[in-house]
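Examination of the molecular architecture
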Amino acid sequence: MEKARTIESMRKLRAEVARGLRLGFVPTMGALHEGHLSLIRTARAECDVVVVSIFVNPTQFGPNEDFASYPRSEEDDLAHAREAGADYCFLPSVEEMYPPGAASTVSVGELGAILEGADRPGHFDGVATVVAKLFNIVQPHRAYFGHKDAQQIAVVKQMVRDLYFDVDIVVGTTVRESDGLAMSSRNVYLSAEERARATSLHDALRAGAEAARSDGIDIAEKVMWELLVDRGVEPSYARAVDPETFRDPDPSGPILLVIAARVGTTRLIDNLLA
Ligand code: AMP
């Protein structure tokens, strides 16, 4: 696996990839786990060349969030990415991605300002901006994202549509621990006691899905909220939404249940199609 730390070297690698080969791209913030590796393996199976990026993007963190303490494990990540089938790894510095004077940003409007966007102001502008930069540097044919971050996928798809990026967005299913907890780089923050309580998010989603089917979405939201509170987890939101707009769902259409909640000081998100 080849590494590139500068945009120039990544572009050189990209240019060396012969025309006609299909390039798959898996953007990550590192601290790779099975969720990331499943995306890399899918890209490997579907594409001729696989590029993984590892970049902890400062602009998607709020001022009181965990940018400084976000887990970083470059050596292990490189070994795991290689084993999962990556051909190239792009590891830019913050200065490389945001040189002095960089001022342009991407904003996807209302979709980026609700739910996760309301709780984390500026988060999705940071995501859309860095994904736009990465797409322009790597120029993938297909880019792989996990359903775990469902609103992020909707934001990226909106940006791709609105700005005519020539890339297919491929969605991988959420990889979970055996007790249902969605894998996340942030799970390492949890104490043993918090780790046990963190399964409440998935339990609430499953209970919510059952309630949505039998009693409707208002009851589903109540069931999720109450289960989280009962288990000592502090919900930010527990909602039933349209999977594309993240607005109120059409009762006859698909319903996505989305939760953000704090377990101790760790903020976790998860979702499930009802
Ligand atoms: P991150 O490093 O957290 O920015 O995530 C990089 C990519 O991996 C994103 O597309 C995430 O949605 C995806 N991802 C994170 N956790 C999981 C998971 N448990 N299952 C599947 N994909 C995931």
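Report follows, based on the coordinates. Remember, it's a predicted structure, so these values are computed and weren't measured experimentally.

1. Quick word on the packing of helix α6 (residues 123-138) against helix α7 (residues 150-163)
For the pair α6 and α7, interaxial distance at closest approach is 10 Å and the crossing angle is 55 degrees. Of the possible angle classes, the one that applies to α6 and α7 is oblique. Along this stretch, α6 crosses α7, giving a crossing that reads as right-handed. Residues Phe124, Val127, Ala128, Val131, Ala132 and Phe135 of α6 lie in contact with α7, whose contacting residues are Gln151, Gln152, Val155, Val156, Met159 and Val160. Within the contact of α6 with α7, the residues separate by chemical class into 10 nonpolar, two polar and no charged.

2. Quick look at the layout of surface pockets
Roughly 310 Å³ of volume is contained in the second largest pocket. Considering the residues around the second largest pocket, the lining is formed by 17 residues, among which Ala154, Lys157, Pro243, Glu244 and Thr245 are closest to the centre. Top contributing element to the lining of the second largest pocket by residue count: α7, with six residues. Grouping the constituent residues of the lining of the second largest pocket by class yields nine nonpolar, three polar and five charged.

3. As for α6
If you check α6, its first and last C-alpha atoms are 22 Å apart, about what 16 residues at 1.5 Å a residue would give, namely 22 Å. With respect to burial, α6 is a largely interior element, 13 of its 16 residues being buried.

Definitions and cut-offs
Residues numbered from 1 in each chain as written. Predicted model: local features only at pLDDT ≥ 70, side-chain atom pairs only at ≥ 80, totals over all residues. Heavy atoms only, no water. Axes fitted to C-alpha atoms, helices over the stretch in contact; angles between N-to-C directions. Helix = DSSP H or I, 4+ residues; strand = E, 2+ residues; numbered from the N terminus. Parallel < 35°, antiparallel > 145°, perpendicular 65-115°, else oblique. Left-handed = near helix turned anticlockwise from the far one by under 90°. Contact = heavy atoms within 4.5 Å. Nonpolar A, V, L, I, M, F, W, Y, C, P; charged D, E, K, R; others polar. 1 Å grid on protein atoms, 1.4 Å probe; cavity = no way out; pocket = protein on both sides within 12 Å on 5 of 7 lines; lining within 4 Å. Points joined across faces, edges and corners; volume = space filled by probe spheres on them. Expected span 1.5 Å × (residues − 1). Buried < 20%, exposed > 50% of the residue type's maximum accessible area, 1.4 Å probe, protein only.

Any link to function would need more than the numbers given here.
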